Amino acid sequence: MEVIFIKGKVIRKIKGFYYVLEENDNILQHNTLEENNIYECRLRGALKVKNSKLNCIIGDSVEFDEKEKVITSVLERKNFLHRPLLANIDFIGILFSASSPDFDFNVFQKMLLNANSQNIPVILIISKIDLVSQEELEKLLERIGDICRNSIPVFSISSEKNIGIDELKKYIENKSVTISGPSGTGKSTLINFLMGKEVLATNEVSSKTSRGRHTTTESRFFKISCNTYVVDTPGFSSLDFPILAEKKELEGLFPEFSRYTHACRFRDCIHVNEPDCQIKEAVKNGDISEEQYNFYLHALSNIFNN
């Protein structure tokens, strides 16, 4: 009997089982994940030889044996994230709330570093804008623009008032975007709105700690529409800096620095105490924000334990 292999996308993983969404022309025309098009599969023995977490990860395009419910091959990845471990992502959607909890600029910049270290484009989503005044929102956006020099798309949204959701949905059309941010910023609520139905449980922010509770415990793909996926990821209360081998690597994670680093007097300049440093000159002239430069020094100190 001929074995028929089907192409699919791994949308979830639970204790050694991979949940694979069948991907063919008919399936891709539907806007929702139908249960009868999702297969619970295991890896074929040959794929487990290395016993590595990278053998097959969420987001992978795979081929599987429909009858045996076995993944037979993992197709080439266009990219993958290390934290969280995901494959084939077009955008990292960094989600912060304007209030409850307040926007944390230190964590935001740390998230940018981690995203830039994995060479995947970033968009910033600011939720709960209905909790702040227009003036407060404008000040927040101005500070973000000063740090990033308007180098990343920013979407201001309110799930409560249904503001900005359609614009975000249009921007990520035909893409795969992972939503990542601190607990309590509204990831699950946003995904429910993007899906048009409640697919994830939500929790309120603690009034005592002003922190969110961890609603999501695993990464999971959701299909919003044809070829459009959003990934819910576990929230966090703390975040590590990326691991770098050399101090000089850090400047590459600050895109705004790239216009100036080549003009520094010393090729190995790390922009701290060296003379004729063009990064420090750019800060002095207001071309690079002082807040961002101070964060660079903070990151340098923490990554290399200076």
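This report concerns the structure included in the present document. Because the structure is predicted, anything quoted here is derived from the model rather than measured. (Residues numbered from 1 in each chain as written. Predicted model: local features only at pLDDT ≥ 70, side-chain atom pairs only at ≥ 80, totals over all residues. Heavy atoms only, no water.)

### With respect to the sheet that holds strand S4 (residues 61-65)
Then step 1. If you walk around this closed barrel you meet the 5 strands as S1-S2-S3-S5-S4, and the pairing is mixed. Neighbour-to-neighbour, the strand axes of this sheet turn through a mean angle of 55°, independent of strand direction.
Then step 2. As paired strands, strand S3 (residues 38-43) and strand S5 (residues 70-74) are joined by 2 bridges and run parallel to one another. Bridge pairing in S5 places Arg 42 opposite Val 70. (Pairing = 2+ DSSP bridges. Helix = DSSP H or I, 4+ residues; strand = E, 2+ residues; numbered from the N terminus. Axes fitted to C-alpha atoms, helices over the stretch in contact; angles between N-to-C directions.)

### Topic: the pairing of strand S2 (residues 17-22)
In the case of a regular strand, side chains alternate between the two sheet surfaces.
Then step 1. Examined bridge by bridge, strand S1 (residues 5-14) and S2 share 6 bridges and lie antiparallel to one another. The partner of Ile 14 across the bridge, within S2, is Phe 17.
Then step 2. Here S1 hands over to S2 after 2 residues, with Lys 15 in that stretch at a positive phi of 50°.
Then step 3. Direction of pairing for S2 relative to S3: antiparallel, over a ladder of 4 bridges. Paired with Val 20 across the bridge in S3 is Tyr 39.

### Comments concerning the nonpolar core
Then step 1. Judged by nonpolar contacts, the single largest core of 32 residues is most densely connected at Ile 94, Phe 96, Phe 103, Phe 108, Leu 124, Ile 126 and Ile 144.
Then step 2. Broken down by secondary-structure element, the contributors of at least two residues to this core are strand S8 (91-97), helix H2 (105-117), strand S9 (122-127), helix H3 (134-148) and strand S13 (228-232).
Then step 3. Among the elements that make up this core, the one with the highest residue count is H2 (6 residues).
Then step 4. Not counting the four nearest positions on each side in its chain, Ile 94 is found in contact with Phe 108, Met 111, Leu 112, Val 122, Ile 123, Leu 124, Ile 125 and Ser 180.
Then step 5. Leu 113, Tyr 260, Cys 264 and Ile 288 belong to the second-largest nonpolar core, a separate cluster that totals 23 residues. (Core = buried A, V, L, I, M, F, W, Y, C linked by side-chain atoms within 4.5 Å. Buried < 20%, exposed > 50% of the residue type's maximum accessible area, 1.4 Å probe, protein only. Contact = heavy atoms within 4.5 Å.)

### Examining the packing of aromatic side chains
Then step 1. What the rule picks out here adds up to 14 aromatic pairs.
Then step 2. Residues Phe 103 and Phe 108 carry aromatic rings whose centres are separated by 5.4 Å and whose planes lie at 65° to one another, so their mutual orientation is edge-to-face. The same class applies to Phe 103 as to Phe 108, namely buried.
Then step 3. Here the aromatic residues Phe 241, Phe 254, Phe 257, Tyr 293, Phe 295 and Tyr 296 are joined through ring pairs into a cluster of three or more.
Then step 4. The ring of Phe 17 carries the charged tip of Arg 42 above its face, separated from the ring centre by 3.9 Å.
Then step 5. Over the face of the ring belonging to Phe 105 we find Arg 143, whose NZ or CZ atom lies 3.7 Å from the ring centre. (Phe/Tyr/Trp six-rings, centres within 6.5 Å; stacked < 30°, edge-to-face > 60°. Lys NZ or Arg CZ within 6 Å of the ring centre and 35° of its normal.)

Read these as geometric descriptors, not functional statements.
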